[in-house]
Amino acid sequence: MSDLKQLDADLSRQMNSASVLTSQFTDQEVAASIYNKDAGFTARLAKQTRDNVSQFARRDQVFEFLKPAHNPLLDTRHNMLLYLEGVSVSFDGFKAINDLNLYIKEGELRCIIGPNGAGKTTMMDIITGKTKPDTGQVWLGSKLNLLKMDEAQIANAGVGRKFQKPTVFECLSVWQNLELSMSGTRSVWSVFRAKLSGEQRDEIERVLVLIGLQEQAAMDAGSLSHGQKQWLEIGMLLMQKPKLLLVDEPVAGMTHQEMDRTAELLNSLAGAHSVVVVEHDMDFVRSIASTVSVLHQGSVLAEGSMTDIQNNAKVKQVYLGE
Ligand SMILES: Nc1ncnc2c1ncn2[C@@H]1O[C@H](COP(=O)(O)OP(=O)(O)O)[C@@H](O)[C@H]1O
Ligand SMILES: [Mg+2]
């Protein structure tokens, strides 16, 4: 309950600012409000929405939701979506990433493997803007320099990241989780008013089918299995229509059946999205059957099909043979 009081205080403070937008409510606050049926919150939200409507009349600013889903500068004419070139980063003198080159095509599904400490997570941190490299180039398409953008800008430009631990709203239904993650004109207001356009419903349905959770749509996310939660989280990322999806160890803790289903899901996403999967599980990587890059001491040691990789002497030495 004290959490709610804190929320209340925070919100009152927000309301004092003249130009608050509904987007300032975090998903957690909205979830808490739906769950607790907090009438005060809803009333404030309505007022805020009225404030926002009056802001519509202003012509001196462009609102987030009026902007195109993808950065117009995203240029993939050359068929390449992500370039990392000569990237290095040191932590306390230790080169975690060392002259790394990586090129991901549009619609490609790429697996990244490598022993612990090889730099896989750091590489994802660099792509998403969480870590800035000491040297090198990181581009999305040929016009978006990711090194000049912060984490939020990179996410808005179409880079989605799925962390190992699923972070779904357990108290909300599968459908509501997807609804809250929707990109574009989706506002908190319309979540409360339950006014979804036909197109938006279709989009949620499409993602439900893709992640195989149609039958669980009305279930609380908290009652899903571990694997189902992982798929829901991938679905939540898909609602934001990312160009590039980064997935860190998706099958850790999954049953064999769930692993097979995850391989199918990731394969089905390729084409419409570029997908980069970091994974330890060799059987899983084999079942995805995509190009594999082996990371070792912060750079790419080998790249090719899983068969090429398995027959590569250097790889055997540092990784598969260990
Ligand atoms: N923020 C950090 N500070 C210091 N060292 C780090 C930091 N992040 C990663 N490292 C080090 O960089 C190396 C690569 O780590 P990481 O990218 O997590 O590897 P992987 O994901 O392949 O296991 C490791 O030796 C790790 O200890
Ligand atoms: Mg890691």
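Heads up: the structure comes first, above all this text.
Residues numbered from 1 in each chain as written. Chains lettered and ligands numbered in written order. Predicted model: local features only at pLDDT ≥ 70, side-chain atom pairs only at ≥ 80, totals over all residues.

Turning next to the overall build of the protein chain. If you tally the helices and strands in the protein chain, you get 13 helices and 10 strands. Within the span of the protein chain, comprising 322 residues, buried residues form 35% of the whole. Considering only contacts in the protein chain between residues 6 or more positions apart, those separated by 24 or more positions represent 71%. (Helix = DSSP H or I, 4+ residues; strand = E, 2+ residues; numbered from the N terminus. Buried ≥ 20, exposed ≤ 12 C-beta atoms within 10 Å, placed from the backbone. Contact = placed C-beta atoms within 7 Å.)

Bringing the site of ligand 1 into the picture now. The local shell around ligand 1 consists of Phe91, Ala96, Gly114, Asn116, Gly117, Ala118, Gly119, Lys120, Thr121 and Thr122. When grouped by side-chain class, the residues that make up the shell around ligand 1 number 3 nonpolar, 6 polar and 1 charged. (Near = placed C-beta within 6 Å. Nonpolar A, V, L, I, M, F, W, Y, C, P; charged D, E, K, R; others polar.)

So, on to the nonpolar core. Core analysis: the largest hydrophobic core is formed by 67 residues, its most contacted members being Ile127, Leu232, Leu246, Val275, Val277 and Ile288. The leading source of residues in this core is helix α9 (residues 226-238), at 6 residues. Look past the residues within four positions of Leu232 in its chain and what remains in contact with it is Val168, Val174, Asn177, Ile211, Leu213, Ala221 and Leu224. (Core = buried A, V, L, I, M, F, W, Y, C linked by C-beta atoms within 7 Å.)

On to the pairing of strand β2 (residues 94-105). By the bridge criterion, 8 bridges tie strand β1 (residues 80-91) to β2 in an arrangement that is antiparallel. Counterpart to Met80 in the pairing with β2 is Lys105. Hairpin connection of β1 to β2: 2 residues between the antiparallel strands, including Asp92 at a positive phi of 50°. (Pairing = 2+ DSSP bridges.)

Next up on the list: the sheet that holds strand β6 (residues 159-162). One open sheet holds the 6 strands; their spatial order is β6-β7-β8-β3-β9-β10, and the pairing between them is mixed. Only two strands of the sheet have a single partner each, and these edge strands are β6 and β10 (299-304). In this sheet, neighbouring strand axes are inclined to one another by 20° on average, regardless of whether the strands run parallel or antiparallel. Here strand β3 (residues 109-113) pairs with strand β9 (residues 291-296) via 4 bridges, running parallel. Considered in β9, the bridge of Ile112 is made with Ser293. (Axes fitted to C-alpha atoms, helices over the stretch in contact; angles between N-to-C directions.)

Strand order in the open sheet formed by 4 strands is β2-β1-β4-β5, with antiparallel pairing between adjacent strands. Strands with a single pairing partner mark the edges of an open sheet, and in this sheet they are β2 and β5 (144-145). Direction of pairing for β1 relative to strand β4 (residues 135-140): antiparallel, over a ladder of 5 bridges. When the sheet's bridge partners are listed, Glu85 is paired in β4 with Gln137. Packed onto the sheet, helix α4 (residues 120-127) meets β1, β2 and β4 and runs at close to 65° relative to β2.

Moving on, we get to unusual backbone geometry. Of all residues except glycine, most have a negative phi; of all peptide bonds, most are trans. A positive phi angle, close to 50°, is found at Lys241, a residue other than glycine. Relative to the helices and strands, Lys241 is located in the loop between α9 and β7 (244-248).

This paragraph deals with α4. Of all the 8 residues making up α4, 7 are buried; the element is thus mostly covered by neighbouring parts of the structure. Of the residues making up α4, those classed as buried are Lys120, Thr122, Met123, Met124, Asp125, Ile126 and Ile127. A positive backbone phi angle near 85° is found at Gly129, which sits one or two residues after α4.

Next up on the list: the environment of Glu249. Along the chain, the position of Glu249 falls in the loop between β7 and α10 (256-269). Excluding residues within four positions of it along the chain, Glu249 makes contact with Gln164, Val278, Glu279 and His280.

Let us now look at α9. Compared with the 18 Å implied by 1.5 Å per residue over 13 residues, the 19 Å span of α9 between its first and last C-alpha is a close match. Counting buried residues in α9 gives 12 out of 13 residues, a clear majority hidden from the surface. Regarding α9, the residues found buried are Gly227, Gln228, Lys229, Gln230, Trp231, Leu232, Glu233, Ile234, Gly235, Met236, Leu237 and Leu238. Structurally, α9 contributes buried residues whose contacts are with β6, α6 (174-180), α8 (198-210), β7 and α10. (Expected span 1.5 Å × (residues − 1).)

The next point concerns the environment of Leu301. Structurally, Leu301 can be placed in strand β10. Residues Leu301 and Val318, 17 residues apart in the sequence, show an inter-C-alpha distance of 9.4 Å. With near-sequence residues (within four places) excluded, Leu301 lies in contact with Val294, Leu295, His296, Lys314, Val315 and Val318.

Below, the discussion takes up the pairing of β3. Within β3, 5 of the 5 residues are buried, which leaves it mostly tucked inside the rest of the structure. On β3, burial covers both faces: Leu109, Cys111 and Ile113 on one face and Arg110 and Ile112 on the other are all buried. The sheet contact formed by β3 and strand β8 (residues 274-278) spans 4 bridges and is parallel. The partner of Leu109 across the bridge, within β8, is Val275.

It is worth spelling out the environment of Glu205 at this point. Relative to the helices and strands, Glu205 resides in helix α8. Residue Glu205 is classed as partly exposed on the basis of its 14 C-beta neighbours within 10 Å. Along the chain, Glu205 and Leu178 lie 27 residues apart, while their C-alpha atoms are 9.6 Å from each other.

In short, geometric facts, not functional conclusions.
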